[in-house]
Amino acid sequence: MPRKYDLHTHSTASDGTLMPPELITLAAAKGVEVLALTDHDTLEGLVSARTAADAAGLILLPGVEISVTWGGRTIHIIGLGIDCRNQALCDGLAELSAYRRRRAEAIGRRLSEEGIEGAFEGARAFSNGRLIGRIHFARFLVQRGYASDEREVFKRYLVKGKPGHVAGDWVSLEAAVGWIRGAGGQAVIAHPGRYGFTRAKLLRLIGQFTELGGVGIEVVSGSHTRDECLRFARYARENHLLASVGSDFHRPGNLWTELGGMAPLPSLCTPIWADWEEPRLPRTVSG
Ligand code: AMP
Ligand code: MN
Ligand code: MN
Ligand code: MN
């Protein structure tokens, strides 16, 4: 039976604006039947999301989006269908959260050298004491009038070469894929179109990722153009990767797209859910 899947979303547990139960309610209203909550580097939102999903009759996959440093760049690896009690995964994510705090303090110092005071405290207030990310700095800087919206703040302050940029020092690809597999999940390369990689570099990533046991790639993403979807569908097929679909929803509005509002997967690829079993998705995870 065809279902509507959205396998990449965020809540207030990381840098989304909706509480997990609000996210579930909105997803159900949009007709999403299978939703993965994939907050950055944390599983904190999953308990309250589970309760809400059960009440709404929506299938929730426990997920995570892990920050990875690979080839001198930050990339994101999604874990789908993970066991949230897995100790190695929980320990690894706790270290990433601690690193995020140190990075945020460093971003705050950089911004204060530019004459912007109180950014760390301001960003922390926006994060509500939960995981802290660049979006929380963006919200603070918009509130203070340094830019008119989040995208502009990123461009002017938070990306490479700009005053508030701190190069991430995240975990290795090997660690991220290992934690996900160890927790019984499927590892997926998130939004390959966002890294600005050459074809050769992306194929190198795919090669290392599959050798480590990664199984999927996001073909349809809220941040991909239709041409990118078709290109990544081909890469998925040629490299025997399963294809995933996710909005990368952060908030109502358009960053990156609306819940469940994506194009269908091109028919040439195999969906990551092809061998998931009903009703307790997805326990046929390949090793
Ligand atoms: P972080 O993991 O804290 O470095 O923040 C990365 C997050 O910032 C991404 O997941 C997006 O939510 C957001 N982000 C990255 N680039 C941009 C951009 N150009 N405009 C708006 N948000 C962005
Ligand atoms: Mn984000
Ligand atoms: Mn991402
Ligand atoms: Mn994301």
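Preceding this paragraph is the structure being described.
Residues numbered from 1 in each chain as written. Chains lettered and ligands numbered in written order. Predicted model: local features only at pLDDT ≥ 70, side-chain atom pairs only at ≥ 80, totals over all residues. Heavy atoms only, no water.

1. With respect to the coordination of the manganese ion (ligand 4)
Listed as protein donors to the manganese ion (ligand 4) are His 8 (NE2), His 10 (NE2), Glu 65 (OE) and Asp 248 (OD); their distances from the metal cover 2.1 to 2.2 Å. Read in sequence order, the donor residues coordinating the manganese ion (ligand 4) give the pattern H-x1-H-x54-E-x182-D. A spacing of 4.7 Å is found between the manganese ion (ligand 4) and the manganese ion (ligand 2). Taken as a pair, His 8 in strand β1 (residues 5-9) and Asp 248 in the segment after β7 (242-246) lie far apart in primary sequence, 240 residues in all. (Donors = N, O, S within 2.8 Å, 3.2 Å for Na, K, Ca; no water. Helix = DSSP H or I, 4+ residues; strand = E, 2+ residues; numbered from the N terminus.)

2. Side note on the layout of surface pockets
To locate leftover empty space, one rolls a probe as large as a water molecule over the atoms. Roughly 990 Å³ of internal volume is contained in the largest pocket. Mapped onto the lining of the largest pocket, the elements with two or more residues apiece are β3 (59-70), β4 (73-80), α3 (87-113), α5 (134-143) and α6 (150-158). Counted by class, the lining of the largest pocket contains nine nonpolar, 11 polar and 10 charged residues. (1 Å grid on protein atoms, 1.4 Å probe; cavity = no way out; pocket = protein on both sides within 12 Å on 5 of 7 lines; lining within 4 Å. Points joined across faces, edges and corners; volume = space filled by probe spheres on them. Nonpolar A, V, L, I, M, F, W, Y, C, P; charged D, E, K, R; others polar.)

3. Considerations on the side chain of His 40
The residue His 40 is located in the loop between β2 (34-37) and α2 (46-56) in this model. For His 40, the side chain forms a polar contact with the side chain of Asp 15, separated by 3.1 Å. Discounting residues that sit within four places of it in the chain, His 40 has contacts with His 10, Ser 14, Asp 15, Glu 65, His 76, Arg 100, Leu 131 and His 250. (Polar contact = N/O pair within 3.5 Å; in protein donor to acceptor, adjacent residues only side chain to side chain. Contact = heavy atoms within 4.5 Å.)

4. So, the coordination of the manganese ion (ligand 3)
Protein-derived coordination of the manganese ion (ligand 3) comes from Glu 65 (OE), His 76 (ND1) and His 191 (NE2), at a distance range of 2.1 to 2.2 Å. For the manganese ion (ligand 3), the single-chain donor residues occur in sequence as E-x10-H-x114-H. For the pair the manganese ion (ligand 3) and the manganese ion (ligand 2), the metal-to-metal distance amounts to 5.6 Å. Note that His 76 is positioned in strand β4 and His 191 in the loop between β5 (186-189) and α8 (199-212), a separation of 115 residues in sequence. For the pair His 76 and His 191, one class covers both residues: buried. (Buried < 20%, exposed > 50% of the residue type's maximum accessible area, 1.4 Å probe, protein only.)

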